[in-house]
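Each chain is listed here by its residues.
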Amino acid sequence: MLFVGIDVAKRKHDCSILDSNGVILSQFSFDNSLSGFNSFISSISSFDDSNFSDLKVGFEATGHYSYNLEKFLTSFPFQLFRFNPLATNLKRKAQSLRKTKTDKIDSLFIAFLLFEQNTPFFPEIPYFSNLKILTRHRFRLMQYSSKLKVSFNRNIDIVFPEFPSLVSSIQQTSVYFLFLSFPSANSIANSNITKLTNILSKASRGQLKKQHALNIKKNATSSIGSYSLFLEFEIQQNIRLILQLKKEIDILDKKIVEIMKIVPTPILSIPGISFTLASSIIAEIGDIHKFESPAKLLAFAGLEPSTNQSGDSISNTNARMVKRGSTYLRWAIMNAARLVATKDHTFTLFLAKKRAEGKPFFVALSHVAKKLLRVIFHLLKTKQIFIPQS
């Protein structure tokens with residue numbers, strides 16, 4: 001049996017090969033290219049004459065840098081293993097007090113980890129892989145949109161600080177179109193009331209009428225807001241970007257729904273979970289058989305509490321979530337928990353129970369999220385739909 005550890009990087013990968021006694025047979029680098037991948041195969045072929053059946057190959061899960069290499073390796077009959085970078089890091093630290101870290105050393109410790117690894121490798125199913133690409137792309141677009149909205153809020157506080165009290169929310173379409181045409185209190189104060197009314201009425205689908213326009217103009221006239229051509233330019237550009245991102249996210253959501261309809265999931269039977277959150281959850285979980293228990297799924301989502309023990313002393317107070325694992329899954333579960341707690345009676349009572357125990361809202365919500373993830377684990381394992389409890 002040979003053990004091959006690969007440290008993944010952007011332009012090149014480092015490799016270490018050990019025999020069954022832990023003796024280093026070779027250490028080399030290969031480029032992140034097709035010719036580099038082929039040279040890797042040629043190099044390990046010289047040490048193995050069993051058609052790769054007696055070969056364990058391990059690599060770190062380093063985001064998109066390992067994507068193409070993993071796809072290439074799955075076409076060979078290796079025993080493949082994917083490691084959390086934290087495991088490699090802890091293994092290296094345990095061997096020496098010196099702060100020595102190189103790609104060659106990392107590849108060596110990945111090879112050593114293969115001695116202890118018996119967890120099977122689960123190659124990503126194209127359905128989950130494609131869904132993950134779309135849902136993570138959506139997550140990043142939403143993050144960018146949120147930053148633009150924060151910037152828009154800040155600008156409104158400068159140019160028209162009285163405005164937020166005049167509407168239910170400044171993050172609504174009618175507000176965007178208002179400030180797209182009149183991007184400051186000064187420009188609103190000098191606007192034509194008919195044009196102002198038409199913009200508000202059309203953008204709000206008739207909900208905001210002339211009286212609203214008159215009230216906004218009246219407050220704009222006495223506003224303490226600052227006037228700046230450059231601030232106006234920033235406001236208008238932010239609005240255009242927000243509106244364009246909304247269109248792109250709507251297009252993306254339709255594509256996600258198309259994929260979700262191919263393989264129905266029992267997660268959609270849970271009240272409060274729609275296609276958007278369900279797609280993110282199943283894309284990150286992937287094949288549920290990777291997880292032997294709900295506890296391992298919780299750990300993957302970073303929802304398990306940290307533990308601090310020394311001798312007979314065990315700290316159970318203020319135990320924070322470890323927040324390791326999939327950020328995307330944790331985000332989706334926390335948002336799903338908030339919605340499910342408003343739709344399902346059992347989860348509503350559970351959230352109220354945790355709040356009654358004195359837990360802050362988000363701490364109580366994290367308990368709901370953990371309960372929800374255990375339910376999701378059961379549904380995916382048994383392929384049953386969610387049945388509300390009486």
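Please refer to the structure higher up on the page.
The residue count restarts for each chain, going from 1 along the sequence in the order it is written. Local features in this predicted model are restricted to residues whose pLDDT is 70 or higher, and side-chain atom pairs enter the listing and the counts only when it is 80 or higher, whereas totals over whole chains, interfaces and linings include all residues. Hydrogen atoms and water are omitted, and side-chain values are computed over all heavy atoms in the structure.

> Explain the overall build of the chain to me, please; I cannot follow it from the model alone.
Within the chain, the secondary structure is distributed over 15 helices and seven strands. Residues counted as buried form 42% of the 390 residues belonging to the chain. Put simply, 63% of the contacts in the chain that link residues at least 6 apart link residues at least 24 apart. Working definition: helices are DSSP H or I runs of at least four residues, strands are E runs of at least two. Numbering for both runs from the N terminus. For the exposure calls, accessible area comes from a 1.4 Å probe over protein chains only, and a residue counts as buried if that area is under 20% of its type's maximum, exposed if over 50%, partly exposed in between. Residue contacts are defined here by distance: any two heavy atoms, one from each residue, within 4.5 Å place the two residues in contact.

> Sorry, what's going on with the nonpolar core here?
Across soluble globular proteins, you tend to see nonpolar side chains buried next to one another. Counting 76 residues, the largest nonpolar core has Phe152, Phe163 and Phe179 as the members making the most contacts within it. Sorting elements by how many residues they give to this core places helix H10 (residues 229–260) first, with 11 residues. Not counting chain neighbours up to four residues away, the residues in contact with phenylalanine 179 comprise Phe152, Ile156, Phe160, Phe163, Ser184, Ile188, Ile235, Gln236 and Ile239. Within the second largest apolar cluster, 21 residues are counted, among which are Ile6, Phe52, Leu69 and Phe72. For this analysis, a nonpolar core means a set of buried residues of the types Ala, Val, Leu, Ile, Met, Phe, Trp, Tyr and Cys, connected via side-chain atoms within 4.5 Å.

> Explanation requested: the packing of aromatic side chains in the structure shown.
Aromatic ring pairs are reported here in terms of the distance separating the ring centres and the angle at which the planes meet. Pairing of aromatic rings covers Phe, Tyr and Trp, the last through its six-membered ring, and needs centres within 6.5 Å; plane angles under 30 degrees mean stacked, over 60 mean edge-to-face, and all others mean tilted. Within this structure, the stated rule accounts for 17 aromatic pairs. Seen from their ring centres, phenylalanine 30 and phenylalanine 37 are 6.3 Å apart, and the 75 degrees between their planes marks the pair as edge-to-face. Across this residue pair, the class does not change: phenylalanine 30 and phenylalanine 37 are buried. Both rings, one in phenylalanine 160 and one in phenylalanine 163, keep their centres 5.5 Å apart while their planes meet at 50 degrees; by these two values the pair is tilted. Classification of phenylalanine 163 as buried rests on a relative accessible area of 0%. Taken together, the aromatic side chains of Phe28, Phe30, Phe37, Phe40, Phe72, Phe76 and Phe78 make up a single cluster linked through ring pairs. In our convention, an over-ring charge means Lys NZ or Arg CZ found within 6 Å of a ring centre and within 35 degrees of that ring's normal. The residue whose ring lies beneath lysine 290 is phenylalanine 300, and the NZ or CZ to ring-centre distance is 5.9 Å.

> So what exactly am I meant to see when it comes to the environment of valine 175 here?
Mapping valine 175 onto the fold places it in helix H6 (residues 173–181). Along the sequence, valine 175 and phenylalanine 163 sit 12 residues apart, while their C-alpha atoms lie 9.8 Å from each other. For valine 175, the contacting residues outside a window of four places in its chain are Phe152, Phe163, Val167, Ser169 and Ile170.

> Can you walk me through a nonpolar patch on the surface in this structure?
Here, patches come from residues exposed beyond 30% relative accessible area and free of salt bridges, joined within 9 Å for like charges and within 5 Å for nonpolar side chains (Val, Leu, Ile, Met, Phe, Trp, Tyr). The method behind every accessible area is Shrake-Rupley, applied with a 1.4 Å probe, and residues are considered shielded solely by the protein chains displayed. Salt bridges are identified by distance alone: a Lys or Arg side-chain nitrogen within 4 Å of an Asp or Glu carboxyl oxygen. A cluster of nonpolar residues, Val23, Leu25 and Phe47, forms a patch on the protein surface that exposes about 230 Å² of accessible area. Structurally, valine 23 can be placed in the loop between strand E2 (12–18) and strand E3 (24–31). Judged by its relative accessible area of 44%, valine 23 is partly exposed.

> Quick question: what am I supposed to make of helix H15 (residues 361–382) here?
Each helix should span, by expectation, one fewer than its residue count multiplied by 1.5 Å. Across its 22 residues, H15 extends 32 Å between first and last C-alpha, which sits within 8% of the 32 Å expected from 1.5 Å per residue. Lysine 383, located one to two residues past H15, shows a positive phi value of around 60 degrees.

> Explanation requested: the packing of helix H8 (residues 193–203) against helix H9 (residues 210–221) in the structure shown.
Packed helices, taken two at a time, are described by the angle their axes make and the gap between the axes. Here H8 crosses H9 at 120 degrees, and the two axes come no closer than 9 Å. When the interaxial angle is binned, H8 and H9 end up oblique. The handedness of the crossing between H8 and H9 comes out as right-handed. Seen from H8, the contacting residues are Ile193, Leu196, Thr197 and Leu200; seen from H9, they are Lys210, Ala213, Leu214, Ile216 and Lys217. Axis lines are fitted through C-alpha atoms, for helices just across the contact stretch, and the angle between N-to-C directions can take any value from 0 to 180 degrees. Note on angle classes: values under 35 degrees are labelled roughly parallel, values over 145 roughly antiparallel, values of 65 to 115 roughly perpendicular, and the remainder oblique. Note: crossing handedness is left-handed where the near helix turns anticlockwise from the far helix by less than a right angle, and right-handed where it turns clockwise.

> Help me understand the sheet that holds E2 in this model?
Sheet strands associate in pairs through backbone hydrogen bonding, adopting either a parallel or an antiparallel arrangement. Across the sheet, which stays open at both edges, the five strands sit in the order E3-E2-E1-E4-E5 with mixed pairing between neighbours. The sheet is open, and its two edges are formed by E3 and strand E5 (79–83), each paired on a single side. In this sheet, adjacent strand axes meet at a mean angle of 20 degrees when their direction is disregarded. Pairing between strands is defined by DSSP: at least two bridges between the two strands are required. Sheet topology note: the strand E1 (residues 2–7)/strand E4 (residues 55–60) ladder contains five bridges and is parallel. Within E4, the residue paired with valine 4 across the bridge is valine 57. Seen against the sheet, helix H4 (residues 103–116) touches E1, E2, E3, E4 and E5 and runs at an angle of roughly 140 degrees to E1.

> Please explain H9 as it appears in this structure.
It helps to recall that an α-helix has 3.6 residues per turn; residues three or four apart then point in one direction. The first and last C-alpha atoms of H9 sit 16 Å apart over 12 residues, in line with the 16 Å expected at 1.5 Å per residue. Burial in H9 covers these residues: Ala213, Ile216 and Ala220. Buried positions in H9, seen along its axis, are confined to an arc of 65 degrees and lie on one side of it. In H9, the exposed residues that point more than 90 degrees away from the buried face are Gln211, Lys218 and Thr221. It is the directions from the helix axis to the C-beta atoms that the arc portrays.

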